[in-house]
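What follows is each chain in one-letter form.
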Amino acid sequence: MWNDECWDDDVTDAQPAPKKAAPAPARTYEPPHYSNYNRQDRDSRYGAERRGDGGRSGGGSGGGDRAYRGRNNDTGSDSVTIPIPSNMVAKVIGRGGATVRQMREESGARIDVDNANGEGTVRISGSASAVEVARKAIDNLLNASSYGSDSGGQRYSQGGNSHRFRDSHRSDSSRGGWSQPSREFERSSSNHYSKPGAGYGNDAEADDKFEIIDWTALNKASDEASRERWAKCPPLTKVFYRELEEVANMAPAEVATFREQNNNIVVDRTFKNENGGNGRPIPNPVQTFAQAFGDYPDLMEELRKQGFTKPSPIQSQGWPVLLQGEDMIGIAQTGTGKTLAFLLPAFIHIEGQSTPRSERGGPNVLVLAPTRELALQIEKEVSKYQFRDIKAVCLYGGGDRRAQMNVVRSGVEIIIATPGRLNDLVQEGVVNVSSITYLVLDEADRMLDMGFEPQIRKVLLDIRPDRQTVMTSATWPDGVRRLAQSYMHDPIQVYVGTLDLAAVHTVTQHIECLDEEDKYNRIMQFVKQMGTKDKVIIFCGKKTRADDLSSEFVLNDISCQSIHGNREQSDREQALEDIKKGVVRILIATDVASRGLDIEDITHVVNYDFPRNIEEYVHRVGRTGRAGRTGTSLSFVTRSDWGVAAELIKILEEANQEVPDEIREMAARFAAKKERNDRDRRGGGFGGGGGRFGGGNNRRW
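Residues numbered from 1 in each chain as written. Predicted model: local features only at pLDDT ≥ 70, side-chain atom pairs only at ≥ 80, totals over all residues. Heavy atoms only, no water.

Thoughts on the overall build of the chain
- In terms of helices and strands, the chain carries 25 helices and 27 strands.
- When the 701 residues of the chain are sorted by exposure, 50% land in the buried category.
- For the chain, contacts bridging at least 24 residues in sequence account for 68% of all contacts bridging at least 6.
- Carbon and sulfur atoms form 46% of the exposed surface of the chain, whose accessible area is close to 33,600 Å². (Helix = DSSP H or I, 4+ residues; strand = E, 2+ residues; numbered from the N terminus. Buried < 20%, exposed > 50% of the residue type's maximum accessible area, 1.4 Å probe, protein only. Contact = heavy atoms within 4.5 Å. Areas by Shrake-Rupley, 256 points an atom, 1.4 Å probe, with all protein chains shown as cover.)

Some details on the pattern of salt bridges
- With the rule as written, the count across this model stands at 30 salt bridges.
- Put simply, glutamate 381 and lysine 384 hold a salt bridge, and the shortest N to O gap is 3.3 Å.
- Here lysine 384 falls in the partly exposed class, since its relative accessible area comes to 36%.
- Taken together, the salt bridges that share partners define one network made up of Arg269, Arg280, Glu326 and Asp490. (Salt bridge = Lys/Arg side-chain N within 4 Å of Asp/Glu carboxyl O.)

Some details on the nonpolar core
- By size, the foremost hydrophobic cluster in this structure holds 50 residues, and its most contacted members are Phe293 and Phe347.
- Excluding anything up to four places from it in sequence, phenylalanine 347 contacts Leu299, Val382, Tyr385, Phe387, Ile390 and Ile414.
- Leu395, Ile436, Leu441 and Tyr487 belong to the second largest nonpolar core, which has 37 residues in total. (Core = buried A, V, L, I, M, F, W, Y, C linked by side-chain atoms within 4.5 Å.)

Brief notes about helix H12 (residues 313-323)
- Among the 11 residues in H12, 10 count as buried, and that is most of the element.
- Those residues of H12 that sit buried are Ile314, Gln315, Ser316, Gln317, Gly318, Trp319, Pro320, Val321, Leu322 and Leu323.

Re the packing of aromatic side chains
- All chains considered together, the criterion is met by 7 aromatic pairs.
- Measuring from centroid to centroid gives 5.8 Å for phenylalanine 289 and tryptophan 319, while their planes differ by 45°, and the two rings are tilted. Pair noted here: phenylalanine 289 is in helix H10 (residues 289-293) and tryptophan 319 is in helix H12, with a separation of 30 residues, a long-range link. The same class applies to phenylalanine 289 as to tryptophan 319, namely buried.
- Considering the side-chain rings of tryptophan 642 and phenylalanine 670, the 5.4 Å spacing of their centres and the 75° angle between planes classify their relative orientation as edge-to-face. Here the residue tryptophan 642 occupies a position in the loop between strand E27 (631-637) and helix H24 (645-654), and phenylalanine 670 occupies one in helix H25 (residues 661-682), the gap between them amounting to 28 residues.
- With a relative accessible area of 13%, tryptophan 642 lands in the buried category.
- Classification of phenylalanine 670 by relative accessible area gives partly exposed; the value is 27%.
- The structure contains a cluster of three or more aromatic residues connected by ring pairs, namely Phe289, Phe293, Phe308 and Trp319. (Phe/Tyr/Trp six-rings, centres within 6.5 Å; stacked < 30°, edge-to-face > 60°.)

Overview of the sheet that holds strand E23 (residues 536-539)
- One open sheet holds the 6 strands; their spatial order is E22-E27-E26-E23-E25-E24, and the pairing between them is parallel. The open sheet has two free edges, formed respectively by strand E22 (507-513) and strand E24 (561-563), since each of these has just one partner strand. Strand-to-strand twist of the sheet, defined as the mean angle between neighbouring strand axes without regard to direction, takes the value 20°.
- Sheet topology note: the E22/E27 ladder contains 7 bridges and is parallel. (Pairing = 2+ DSSP bridges. Axes fitted to C-alpha atoms, helices over the stretch in contact; angles between N-to-C directions.)

Some words on the confidence of the model for the chain
- For the chain, per-residue confidence averages 77 on the pLDDT scale, and 73% of positions sit at 70 or higher.
- Low confidence marks residues 1-66, where pLDDT is under 50. Its contacts with residues over four positions away, or in another chain, come to 141 contacts.
- Below a pLDDT of 50 lies the segment residues 147-207, which in the model reaches 130 contacts outside its immediate sequence neighbourhood of four places, other chains included. (pLDDT = per-residue confidence, 0-100.)

Here you go:
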């Protein structure tokens, strides 16, 4: 029970102020009982009133009387006990006890709130006038709240119909009273009813008339306002593709053969069974750079400087799709050229708009990436191609904020950003994303894994709806599918390889089963056996583990670098630069380095700590065996990793790798344990042999 009804466990309350003008009381917390009487005394003292066979009714009628009034002969004061729903206790108390404290100060009555045994009660005691003022305040608060809830999820029933809206009551101590409820209504296709509540302090009574909200009209007005807003944007051009005859005249069998031979390209409209598609045919793949960018000789020259010979599979099919103005979802394993697949069409998109750059109101291209390292890598890729003075900026947390803002204000065409920093600058008015016409969500699955979905959805609401949207991902989980379904227009999905999770086949995968305490000696043995041209990334599960391991290496005169989320951005950038240039040959990292980083000459990957899920295993292994090279991975597996053993077996078998017998035993034991747990749950959880507390033999592996 709370005397001053405060939610902080370490704050307590002394006796209440007897008069309104008295100074605010010290705040004390007492155990769950009344300060002047305990629950047993209260039940005996007010039992008659609660049963309806004595005392006066303080509101309500019959056996369900809402208030139970009595006379305290010991103190000469009146008292009222009001039963309330248990879920209204917090409403009466208020944040930090503010609500009940203000009512108590303004009425001069003592107000105690109890929620024992799931039954909420409010006891008011004091002079008759003080009790009456306090009782009215409680009644007004309950009446105002009975038609809504702060949580936005509670429902009330009126006339057999169910309605829902959010209703938040605010205490405004600066005005010395209770404000009217503020409501945030949810969009709906049906009519809802609202009933304004009375506010304490102005003696307003609750309005008995329901107000019908015309959601259809509100939605129509919202849509009209949105159309007016986006109608002011400059015109948008998205189609730049001129399909050559040699590409257009490819026979269906020829197209199928090319796709199959190029890592089994599969292309289709993602949601054709849901919305029927737009009816436009999917373009044939290109086989040379000239077939895609022949009309842009300066861009062709930049490609020639990079030494590329032919497009990668994702580029062969992705370029025609994007140059045709379609939304695209590119699903391919890391290191397959996804960055260039969306970057070169972005250049053409920027250059091809009819509105001059100075009149567009801001940048045209936005690329969102999950990590700073990937964002910086994309910026570096942009800088390789000098195409018609297109400028880019990379916005990321940990970088020089002022310098980033100055570059944006000086004028750029491409923004590459992490979601957090972008949202910060949008809210400050530094970045205006309403000018974005070409949006890329790079490594979308990783961004969702990292919890960036709210930031992504917020940004998408501020970008014009007729934009062109590109999404890249290494996997196709439900979250990515929902995001695409919400914000893309009939996208074409380009798969390269298979939708089944698989590690690259250019990597030889080794698995070693050992105890946790043996890992350190094994990694030291591995490092001492490294060749002079070997480069390794050692993945750890925690930042502290990465720091500890790098410290041990330094103490043993082993040169290394480390990268994880707690390191300064300059240190992270220096670590990547050192491993790329060969200053060090060992990089110790957390999963911040498992996605998108392009260090072509990594020869080995070591999973010192096995990753949390099999998807991360695939991405870690993909850091080696890149750009046509081969690589080797070594993974330490302990008893605690047995939950992923079955999925690991599938990955190893798909790539024709050796599966240790210990891994198969782990998978079998975990499956048996899971089956026992399922059986126990079906049987009640506690009985029978083999149950957790049953009489059978409990096996613990």
